[in-house]
Amino acid sequence: MVERVVPEPQRRRRRPTKQGTVLSEQVIVETALRLVGQHGADALTVRRLGGALGADPSALYRYFRNTDELLLAVADELIGRSQRGWSPTGRWRFDLCELGLRIQASYRAHPQAALLAAHRTTGRDNERRAVETILGVLRSAGFGDREAVRVYHAFVDQALAFAALDAAALALPAPAQKADLQVWQDRYGRLDADAYPHIVATVRLLAHEMRFSGYPFALELLLDAVEARLPSSADGKTGSQST
(Lines give C-alpha, C1' and ligand atoms only; values in the text may rest on other atoms or scores of the structure.)
Protein backbone atom coordinates (compact mmCIF):
# COMPACT_ATOMS: atom_id res chain seq x y z
CA MET A 1 0.00 0.00 0.00
CA VAL A 2 1.12 3.57 -0.63
CA GLU A 3 0.26 6.89 0.93
CA ARG A 4 -2.73 8.11 -1.03
CA VAL A 5 -5.54 8.07 1.51
CA VAL A 6 -8.14 10.69 0.67
CA PRO A 7 -10.40 12.63 3.04
CA GLU A 8 -13.51 10.83 4.25
CA PRO A 9 -16.06 12.89 2.25
CA GLN A 10 -14.19 12.15 -0.96
CA ARG A 11 -13.54 8.45 -0.48
CA ARG A 12 -17.00 7.02 -0.05
CA ARG A 13 -17.75 4.47 -2.73
CA ARG A 14 -21.11 5.34 -4.23
CA ARG A 15 -21.63 2.04 -6.02
CA PRO A 16 -21.66 -1.39 -4.33
CA THR A 17 -18.89 -3.86 -5.02
CA LYS A 18 -19.48 -7.04 -7.01
CA GLN A 19 -20.78 -8.63 -3.83
CA GLY A 20 -23.17 -5.77 -3.15
CA THR A 21 -21.03 -4.21 -0.42
CA VAL A 22 -20.72 -0.44 -0.06
CA LEU A 23 -17.16 0.13 1.10
CA SER A 24 -16.40 2.04 4.28
CA GLU A 25 -13.58 1.96 6.79
CA GLN A 26 -15.79 0.02 9.22
CA VAL A 27 -16.76 -2.59 6.62
CA ILE A 28 -13.10 -3.11 5.70
CA VAL A 29 -12.06 -3.47 9.35
CA GLU A 30 -14.84 -5.96 10.12
CA THR A 31 -13.94 -7.99 7.04
CA ALA A 32 -10.27 -7.97 8.02
CA LEU A 33 -11.19 -9.15 11.51
CA ARG A 34 -13.24 -11.99 10.06
CA LEU A 35 -10.51 -13.06 7.62
CA VAL A 36 -7.81 -13.06 10.29
CA GLY A 37 -10.08 -15.11 12.54
CA GLN A 38 -10.61 -17.67 9.80
CA HIS A 39 -7.17 -17.80 8.23
CA GLY A 40 -4.68 -16.23 10.64
CA ALA A 41 -2.26 -13.35 10.18
CA ASP A 42 -1.50 -14.22 6.56
CA ALA A 43 -5.04 -13.19 5.64
CA LEU A 44 -4.29 -9.52 6.31
CA THR A 45 -3.31 -8.61 2.75
CA VAL A 46 -4.81 -6.16 0.31
CA ARG A 47 -5.41 -8.88 -2.25
CA ARG A 48 -7.31 -11.17 0.12
CA LEU A 49 -9.32 -8.30 1.54
CA GLY A 50 -10.22 -7.09 -1.92
CA GLY A 51 -11.34 -10.58 -2.86
CA ALA A 52 -13.47 -10.93 0.26
CA LEU A 53 -15.09 -7.55 -0.38
CA GLY A 54 -15.53 -8.11 -4.11
CA ALA A 55 -13.54 -4.94 -4.77
CA ASP A 56 -10.36 -4.09 -6.62
CA PRO A 57 -7.55 -4.15 -4.01
CA SER A 58 -6.52 -0.65 -5.06
CA ALA A 59 -9.81 0.67 -3.64
CA LEU A 60 -8.51 -0.04 -0.14
CA TYR A 61 -5.74 2.52 -0.63
CA ARG A 62 -8.36 5.20 -0.29
CA TYR A 63 -9.02 4.13 3.30
CA PHE A 64 -5.67 2.96 4.69
CA ARG A 65 -2.12 4.01 3.77
CA ASN A 66 -0.66 0.57 4.39
CA THR A 67 -1.40 -2.76 6.03
CA ASP A 68 0.03 -1.55 9.33
CA GLU A 69 -2.52 1.25 9.46
CA LEU A 70 -5.22 -1.33 8.76
CA LEU A 71 -3.86 -3.50 11.57
CA LEU A 72 -4.06 -0.55 13.96
CA ALA A 73 -7.67 -0.04 12.92
CA VAL A 74 -8.36 -3.71 13.68
CA ALA A 75 -6.70 -3.31 17.09
CA ASP A 76 -8.81 -0.24 17.76
CA GLU A 77 -11.96 -2.15 16.82
CA LEU A 78 -11.20 -4.74 19.50
CA ILE A 79 -10.76 -1.95 22.04
CA GLY A 80 -14.04 -0.41 20.94
CA ARG A 81 -15.92 -3.67 21.28
CA SER A 82 -14.75 -3.98 24.87
CA GLN A 83 -16.41 -0.65 25.71
CA ARG A 84 -19.77 -1.21 24.04
CA GLY A 85 -22.62 -1.10 26.53
CA TRP A 86 -20.36 -0.12 29.43
CA SER A 87 -21.17 2.83 31.65
CA PRO A 88 -19.46 3.93 34.88
CA THR A 89 -21.08 3.30 38.24
CA GLY A 90 -18.91 5.69 40.25
CA ARG A 91 -17.39 2.77 42.17
CA TRP A 92 -13.81 2.90 40.96
CA ARG A 93 -12.83 -0.66 41.79
CA PHE A 94 -15.98 -2.17 40.33
CA ASP A 95 -15.58 -0.07 37.18
CA LEU A 96 -11.92 -1.01 36.66
CA CYS A 97 -12.71 -4.68 37.21
CA GLU A 98 -15.49 -4.55 34.64
CA LEU A 99 -13.30 -2.75 32.10
CA GLY A 100 -10.45 -5.21 32.55
CA LEU A 101 -12.69 -8.23 32.10
CA ARG A 102 -14.28 -6.65 29.05
CA ILE A 103 -10.88 -6.03 27.46
CA GLN A 104 -9.89 -9.64 28.05
CA ALA A 105 -13.19 -10.96 26.68
CA SER A 106 -12.90 -8.86 23.54
CA TYR A 107 -9.44 -10.16 22.73
CA ARG A 108 -10.29 -13.76 23.66
CA ALA A 109 -13.21 -13.62 21.22
CA HIS A 110 -10.74 -12.88 18.40
CA PRO A 111 -7.53 -14.70 19.35
CA GLN A 112 -5.87 -14.56 15.93
CA ALA A 113 -6.35 -10.79 15.74
CA ALA A 114 -5.28 -10.41 19.36
CA LEU A 115 -1.95 -12.02 18.58
CA LEU A 116 -1.36 -9.30 15.99
CA ALA A 117 -2.82 -6.38 17.87
CA ALA A 118 -2.64 -6.69 21.66
CA HIS A 119 0.78 -5.05 21.88
CA ARG A 120 0.02 -2.13 19.55
CA THR A 121 -0.78 1.49 20.43
CA THR A 122 -3.34 2.76 17.95
CA GLY A 123 -3.89 6.42 18.87
CA ARG A 124 -7.34 6.03 17.31
CA ASP A 125 -10.78 6.97 18.60
CA ASN A 126 -11.60 3.88 20.63
CA GLU A 127 -8.21 3.73 22.31
CA ARG A 128 -8.36 7.43 23.16
CA ARG A 129 -11.77 6.97 24.76
CA ALA A 130 -10.51 3.99 26.75
CA VAL A 131 -7.47 5.90 28.04
CA GLU A 132 -9.66 8.86 28.97
CA THR A 133 -12.16 6.60 30.73
CA ILE A 134 -9.63 4.68 32.82
CA LEU A 135 -7.74 7.81 33.85
CA GLY A 136 -11.04 9.44 34.71
CA VAL A 137 -12.00 6.54 36.97
CA LEU A 138 -8.66 6.73 38.77
CA ARG A 139 -8.55 10.50 39.17
CA SER A 140 -12.17 10.56 40.37
CA ALA A 141 -11.27 7.92 42.95
CA GLY A 142 -8.75 10.32 44.49
CA PHE A 143 -5.45 9.30 42.92
CA GLY A 144 -3.04 12.09 42.06
CA ASP A 145 -2.06 12.45 38.44
CA ARG A 146 1.30 10.71 38.72
CA GLU A 147 -0.15 7.76 40.63
CA ALA A 148 -3.16 7.58 38.30
CA VAL A 149 -0.85 7.27 35.30
CA ARG A 150 1.25 4.58 36.97
CA VAL A 151 -1.84 2.57 37.94
CA TYR A 152 -3.26 3.04 34.44
CA HIS A 153 -0.02 1.67 32.97
CA ALA A 154 -0.01 -1.40 35.22
CA PHE A 155 -3.72 -2.03 34.72
CA VAL A 156 -3.64 -1.85 30.92
CA ASP A 157 -0.41 -3.80 30.53
CA GLN A 158 -1.72 -6.57 32.77
CA ALA A 159 -4.99 -6.80 30.82
CA LEU A 160 -3.26 -6.85 27.43
CA ALA A 161 -0.53 -9.26 28.54
CA PHE A 162 -3.10 -11.79 29.70
CA ALA A 163 -5.16 -11.13 26.56
CA ALA A 164 -2.15 -11.98 24.40
CA LEU A 165 -1.28 -15.04 26.48
CA ASP A 166 -4.83 -16.36 26.41
CA ALA A 167 -5.13 -15.57 22.70
CA ALA A 168 -1.98 -17.53 21.93
CA ALA A 169 -3.44 -20.57 23.65
CA LEU A 170 -6.84 -20.19 22.01
CA ALA A 171 -5.25 -19.74 18.58
CA LEU A 172 -3.69 -23.20 18.79
CA PRO A 173 -5.42 -26.02 16.92
CA ALA A 174 -7.94 -27.82 19.13
CA PRO A 175 -5.81 -31.00 19.42
CA ALA A 176 -2.84 -28.94 20.64
CA GLN A 177 -5.00 -27.15 23.20
CA LYS A 178 -6.27 -30.46 24.50
CA ALA A 179 -2.77 -31.96 24.59
CA ASP A 180 -1.40 -29.03 26.59
CA LEU A 181 -4.10 -29.40 29.23
CA GLN A 182 -3.64 -33.16 29.33
CA VAL A 183 -0.01 -32.67 30.37
CA TRP A 184 -1.17 -31.68 33.85
CA GLN A 185 -2.72 -35.10 34.31
CA ASP A 186 -0.44 -37.31 32.24
CA ARG A 187 2.90 -35.82 33.28
CA TYR A 188 2.40 -33.87 36.48
CA GLY A 189 -0.12 -36.38 37.81
CA ARG A 190 2.52 -39.14 37.73
CA LEU A 191 5.42 -37.38 39.40
CA ASP A 192 7.23 -38.91 42.33
CA ALA A 193 6.02 -37.46 45.63
CA ASP A 194 9.49 -37.57 47.15
CA ALA A 195 10.96 -35.45 44.37
CA TYR A 196 7.98 -33.14 43.85
CA PRO A 197 5.94 -33.16 47.07
CA HIS A 198 4.22 -29.81 46.50
CA ILE A 199 3.14 -30.62 42.94
CA VAL A 200 1.82 -34.03 43.93
CA ALA A 201 -0.11 -32.53 46.85
CA THR A 202 -1.88 -30.02 44.60
CA VAL A 203 -1.94 -31.68 41.19
CA ARG A 204 -5.71 -32.12 41.06
CA LEU A 205 -6.20 -28.45 41.81
CA LEU A 206 -3.56 -27.56 39.25
CA ALA A 207 -5.20 -29.69 36.54
CA HIS A 208 -8.50 -27.95 37.19
CA GLU A 209 -7.15 -24.40 37.57
CA MET A 210 -5.00 -24.43 34.43
CA ARG A 211 -8.09 -24.94 32.30
CA PHE A 212 -9.00 -21.31 32.89
CA SER A 213 -7.39 -17.93 32.42
CA GLY A 214 -5.44 -16.62 35.38
CA TYR A 215 -6.50 -13.07 34.57
CA PRO A 216 -9.58 -12.63 36.82
CA PHE A 217 -7.60 -13.54 39.95
CA ALA A 218 -4.55 -11.56 38.82
CA LEU A 219 -6.83 -8.56 38.29
CA GLU A 220 -8.23 -9.01 41.79
CA LEU A 221 -4.71 -9.04 43.21
CA LEU A 222 -3.80 -5.91 41.26
CA LEU A 223 -6.88 -4.07 42.45
CA ASP A 224 -6.09 -5.07 46.05
CA ALA A 225 -2.67 -3.49 45.64
CA VAL A 226 -4.14 -0.40 43.97
CA GLU A 227 -6.69 0.05 46.72
CA ALA A 228 -3.93 -0.09 49.33
CA ARG A 229 -2.28 2.89 47.60
CA LEU A 230 -5.41 5.02 47.54
CA PRO A 231 -4.85 8.25 49.49
CA SER A 232 -6.35 7.98 52.96
CA SER A 233 -8.41 11.13 52.42
CA ALA A 234 -10.29 9.42 49.62
CA ASP A 235 -10.43 5.93 51.11
CA GLY A 236 -13.56 6.40 53.08
CA LYS A 237 -15.45 7.76 50.08
CA THR A 238 -14.47 5.41 47.28
CA GLY A 239 -11.63 3.18 48.33
CA SER A 240 -13.47 0.18 49.70
CA GLN A 241 -15.70 -0.72 46.77
CA SER A 242 -15.89 -4.43 46.12
CA THR A 243 -15.28 -6.14 42.82
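1. Some details on the layout of surface pockets
Here is step 1: As a volume, the largest pocket reaches approximately 430 Å³.
Here is step 2: Along its surface, the largest pocket is lined by 16 residues, and A169, L181, M210, R211 and F212 are the ones closest to its centre.
Here is step 3: Elements with a contribution of two residues or more to the lining of the largest pocket: α8 (145-170) and α9 (174-186).
Here is step 4: In terms of residue count, the dominant contributor to the lining of the largest pocket is α8 (five residues).
Here is step 5: By residue class, the composition of the lining of the largest pocket is nine nonpolar, three polar and four charged.

2. Let's talk about the pattern of salt bridges
Here is step 1: Summed over the entire model, instances satisfying the criterion amount to 13 salt bridges.
Here is step 2: The closest approach of N and O atoms between E227 and R93, which form a salt bridge, is 2.7 Å. One end of the pair, E227, is in helix α11 (residues 215-228); the other, R93, is in helix α5 (residues 92-108), and 134 residues separate them in sequence. Like E227, the residue R93 is buried in the burial classification.

3. Examining the nonpolar core
Here is step 1: Core analysis: the biggest nonpolar cluster contains 55 residues, and I28 and F155 have the highest contact counts within it.
Here is step 2: Every element with two or more residues in this core is listed here: α2 (25-39), α3 (46-53), α4 (67-83), α5, α6 (111-117), α7 (125-141), α8 and α11.
Here is step 3: Sort the elements by how many residues they give to this core and α8 lands first, with eight residues.
Here is step 4: Beyond its immediate chain neighbours, meaning those up to four positions away, F155 contacts L96, L99, G100, I134, Y215, L219 and L222.

4. As for the confidence of the model for the protein chain
Here is step 1: Per-residue confidence for the protein chain averages 89 on the pLDDT scale, and 87% of its residues sit at or above 70.
Here is step 2: Counting contacts from residues 236-243, a segment whose pLDDT is below 50, to residues more than four positions away or on other chains yields 18 contacts.

5. A word on the packing of α5 against α11
Here is step 1: Where α5 contacts α11, the axes come no closer than 11 Å and their chain directions differ by 150 degrees. In terms of orientation, α5 and α11 fall into the roughly antiparallel class. The chirality of how α5 crosses α11 is right-handed. Side by side, α5 and α11 meet where W92, R93, L96, C97, G100, L101 and Q104 of the first sit next to Y215, P216, L219, E220, L223, D224, V226 and E227 of the second.
Here is step 2: By residue class, the composition of the contact of α5 with α11 is nine nonpolar, two polar and four charged.

6. Considering empty space enclosed by the protein
Here is step 1: Inspection of every chain in the model, using the stated rule, returns one cavity of 30 Å³ or more.
Here is step 2: In this structure, the largest cavity occupies an estimated 50 Å³ of space.
Here is step 3: In this structure, the largest cavity is lined by S82, Q83, L99, I103, A130, T133 and I134.
Here is step 4: Listed by contribution, the elements that provide at least two residues to the lining of the largest cavity are α4, α5 and α7.
Here is step 5: Tallied by class, residues from the lining of the largest cavity come to four nonpolar, three polar and no charged.

7. Observations regarding the packing of aromatic side chains
Here is step 1: Applying the stated criterion across every chain yields a total of three aromatic pairs.
Here is step 2: With 6.0 Å between their ring centres and 90 degrees between their planes, W92 and F143 make a pair best called edge-to-face. Placement of W92 in helix α5 and of F143 in the loop between α7 and α8 is noted, with a sequence separation of 51 residues between them. The two residues W92 and F143 agree in class, both being buried.
Here is step 3: When the ring of F162 is compared with that of Y215, the centres are 5.5 Å apart and the planes differ by 50 degrees; the resulting orientation is tilted. Pair noted here: F162 is in helix α8 and Y215 is in helix α11, with a separation of 53 residues, a long-range link.
Here is step 4: Given the relative accessible area of 0%, Y215 is considered buried.

Cut-offs used in this document
- Every residue gets a number counted from 1 within its own chain, in the order that chain's sequence is written.
- This being a predicted model, a pLDDT of at least 70 is required before a residue's local features are given, and a value of 80 or more before pairs of side-chain atoms are given or counted; all residues contribute to the totals for chains, interfaces and linings.
- As a rule here, side-chain values come from all non-hydrogen atoms in the structure, and water together with hydrogens is ignored.
- We place a 1 Å grid over just the protein atoms. Points where a 1.4 Å probe fits but has no way out form a cavity, open points with protein on both sides within 12 Å along at least 5 of 7 lines form a pocket, and any residue with an atom within 4 Å of a point lines it.
- Grid points are joined across faces, edges and corners, and a volume is the space filled by probe spheres set on the points.
- Strands are runs of DSSP state E lasting at least 2 residues, helices are runs of H or I lasting at least 4, and numbering of each runs from the N terminus.
- Each residue gets one of three labels, nonpolar for Ala, Val, Leu, Ile, Met, Phe, Trp, Tyr, Cys and Pro, charged for Asp, Glu, Lys and Arg, and polar for the others, Gly among them.
- Whenever Lys or Arg places a side-chain nitrogen within 4 Å of a carboxyl oxygen from Asp or Glu, that contact is recorded as a salt bridge.
- Each residue's exposure class comes from its accessible area (1.4 Å probe, protein chains only) as a fraction of the maximum for that residue type: buried when under 20%, exposed when over 50%, partly exposed otherwise.
- Among the buried residues, those of types Ala, Val, Leu, Ile, Met, Phe, Trp, Tyr and Cys that are joined through side-chain atoms within 4.5 Å form a nonpolar core.
- Throughout, a residue-residue contact means that at least one pair of heavy atoms, one from each residue, lies within 4.5 Å.
- Scored between 0 and 100, pLDDT is the confidence that the predictor attaches to each residue.
- The axes are straight lines fitted to the C-alpha atoms, using for helices just the contacting stretch, and the angles between their N-to-C directions are given from 0 to 180°.
- Angles are sorted into four bins: roughly parallel if under 35 degrees, roughly antiparallel if over 145, roughly perpendicular if 65 to 115, and oblique for all others.
- Each helix crossing is assigned a hand: it is left-handed if the near helix lies turned anticlockwise from the far helix by less than a right angle, otherwise right-handed if that turn is clockwise.
- Pairing of aromatic rings covers Phe, Tyr and Trp, the last through its six-membered ring, and needs centres within 6.5 Å; plane angles under 30 degrees mean stacked, over 60 mean edge-to-face, and all others mean tilted.

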